[in-house]
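# Commentary on secondary and tertiary structure
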Amino acid sequence: MKPRVYFDAAATSRQKPPSVLAAVHECLAEIGCSPGRGGYECALDAGRLVLETRLAVAGLFNVPAPEQVVFTHNITYALNMAIKGLLRPGDHVVTTAMEHNAVVRPLCGLAQRAQVSTTFVPCDRQGRLDPADVAAAIRPNTRLLVATHASNVTGTIMPLAELGRVARESGAFFAADTAQTAGVCDLDFQALGLDVLAFTGHKGLLGLPGTGGFAVSRRAAEAMVPLIEGGTGSLSDRELQPDFLPDRFESGTMNTPGLAGLRAGIAFLQQEGLARVRRHEQELTARLLEGLTQLPGVTVHGPGDTRQQTATVSITVDGWDLGELAFVLDDRFGIMTRSGLHCAPLAHQTIGTYPAGTLRLSLGYFNTVGEVEYVVESLGRLCLSPGCQ
């Protein structure tokens, strides 16, 4: 029987800590109702659970107050709420050429509908960004600087601290997409000078799909127009959305079981220690990079340096259609990867792999050295086979 090796952690974390699964089951079995929608005991328990999760997120990211943490369905919702909520007709945005479509598409949509202009600052062929180029792109009407913390294609880590200084000096709002780094890298909302830290629950934070949100500064919260309005369980006698946090941006029934899992995922990470998580992923990535560079016909795209990237590695292989390669790896060897453009066509244009894309190998905390060796060995067998040429 072939093994099952999951190398697509950049898409979602497949293996969850047992405590996450237990927390979700307990929420459904013991609480089973919505927070803020009743005065009975289980509704109060649900509200307490949401508050505890809010406190956990605020503590993890060093957010000044728990009410500055807003929960959404995922990070795409969070980024859309921030981008569309902050920008006005005539505004200018600065971002990077390595962004995910969760940033690119809202900005391009606003360019068509609301006369918002965007400068996509170029990066080098490894996906690296020079903060001086970002500073040079700032205009008098620049209202927002938004950047991914790490590319979902190459793993390249962006210099958020330096970008924060650029934003502060210009007076622009500063938003970060941490889909690839939350739960792996240390993220300090205040030290980085962020106005919006968008996060997702189902990747590095080891929670469930359908969870995520954003931390927001007071000044950004005042300027941001809510995209979704409706029931909040508060001020129900008023026809307008509440103007206080987090209710200003949280309407409708929450994914309370998902938030229970998110809270448990954060607790697991804090018990393990983010430094240990990052170190383990760096060690695996270093072994993977070393093995891949020795395979004939394999090209690694990205920094190739674990100090400059997350545990995400993109490759192309001479003689192989990457979709077919991904299928063969899964079918013959039980190795799960992702081929294509990874919802980031600008990133692939930057690194020179557009339109075919790459085969992405992305690791997580639960992967092992043995799995890395097995993947390299399996790729080696395919590269040396007659079908490779």
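None of these values were measured; they are calculated from a predicted model. (Residues numbered from 1 in each chain as written. Predicted model: local features only at pLDDT ≥ 70, side-chain atom pairs only at ≥ 80, totals over all residues. Heavy atoms only, no water.)

### So, a nonpolar patch on the surface
Rule in force here: Note that patches include only residues with greater than 30% relative accessible area and no salt bridge, and the join distances are 9 Å for like charges and 5 Å for nonpolar side chains (Val, Leu, Ile, Met, Phe, Trp, Tyr). Here the accessible surface of atoms and residues is derived via Shrake-Rupley with a 1.4 Å probe, and residues count as covered only by protein chains that are part of the display. What counts as a salt bridge is simple: a side-chain nitrogen of Lys or Arg found within 4 Å of a carboxyl oxygen of Asp or Glu. By the criteria applied, helices consist of DSSP H or I runs no shorter than four residues and strands consist of E runs no shorter than two, each listed in order from the N terminus.
On the surface, a nonpolar cluster with roughly 260 Å² of combined accessible area is contributed by Tyr77, Leu227 and Ile228. Along the chain, Tyr77 turns up in helix H3 (residues 75–86).

### Looking at unusual backbone geometry
Formally: Relative accessibility under 20% of the residue-type maximum defines a buried residue, over 50% an exposed one, and the middle range a partly exposed one, all with a 1.4 Å probe and only protein chains included.
Residues Leu245 and Pro246 are joined by a peptide bond in cis, for which omega reads -5 degrees. Looking at the element boundaries, Pro246 is found in the loop between helix H7 (218–223) and helix H8 (256–272). In this chain, Tyr354 is followed by Pro355 through a cis amide linkage whose omega measures 5 degrees. With respect to the helices and strands, Pro355 occurs in the loop between helix H11 (345–351) and strand S13 (358–362). Of note in this structure, Asn62 is not a glycine but carries a positive phi near 55 degrees. With respect to the element layout, Asn62 can be found in the loop between helix H2 (41–61) and strand S2 (69–72). The backbone phi angle of Cys343 is positive, close to 55 degrees, even though this residue is not glycine. By secondary structure assignment, the location of Cys343 is in the loop between strand S12 (338–340) and H11. Accessibility expressed as a relative area gives 37% for Cys343, which makes it partly exposed.

### Here's the deal with the sheet that holds strand S4 (residues 117–121)
How we decide: Here a strand pair is declared whenever DSSP counts at least two bridges between the two strands. Between N-to-C directions, angles cover 0 to 180 degrees, with each direction set by a line fitted to C-alpha atoms, over the stretch in contact for helices.
The sheet built from seven strands is open, its strands ordered S2-S8-S7-S6-S5-S3-S4 with mixed pairing. Every interior strand has two partners, whereas the edge strands, S2 and S4, have only one. Looking at each pair of strands side by side, their axes are set apart by 20 degrees on average, direction ignored. For strand S7 (residues 196–200) and strand S8 (residues 212–216), the ladder comprises five bridges, and the chain directions are antiparallel.

### Here's the deal with the pattern of salt bridges
Any two side chains of opposite charge can pair, so long as their charged atoms come close to each other. For the coordinates displayed, the defined rule picks out twelve salt bridges. Salt-bridge contacts for Arg4 lead to Asp330; the nearest nitrogen and oxygen are separated by 3.1 Å. With Arg4 in the segment before strand S1 (5–6) and Asp330 in helix H10 (residues 322–333), this residue pair connects regions lying 326 residues apart in the sequence. When the shortest N-O distance is used, the salt bridge between Arg128 and Asp124 registers 2.9 Å.

### With respect to helix H12 (residues 369–384)
In plain terms, the rule: A helix is expected to reach a length of 1.5 Å times the quantity of its residues less one.
The terminal C-alpha atoms of H12 lie 23 Å apart, and with 16 residues this matches the ideal 22 Å at 1.5 Å per residue to within 8%. Turning to H12, its buried residues number three or more, namely Glu371, Val372, Val375, Val376, Ser378, Leu379, Gly380, Leu382 and Cys383.

### Here we look at the sheet that holds strand S10 (residues 312–317)
Quick reminder of the rule: In this description, contact between two residues means that some pair of their heavy atoms is separated by no more than 4.5 Å.
Within the open sheet, the four strands sit side by side as S9-S10-S13-S12. Their pairing is antiparallel. Sheet topology places strand S9 (298–301) and S12 at the edges, where each strand pairs with a single neighbour. Averaged over all adjacent pairs, the angle separating strand axes in this sheet is 30 degrees, with direction ignored. In this sheet, S10 lies alongside S9 in antiparallel orientation, the contact comprising four bridges. Bridge pairing in S10 links Val298 to Val317. Across the sheet, helix H9 (residues 274–292) is in contact with S9, S10 and S13; its angle to S10 comes to roughly 10 degrees. Packing of H10 onto the sheet brings it into contact with S10, S12 and S13, and relative to S13 it is tilted by some 40 degrees.

### Side note on the environment of Glu30
Tracing the backbone shows Glu30 in helix H1 (residues 18–31). Judged by its relative accessible area of 60%, Glu30 falls in the exposed class.

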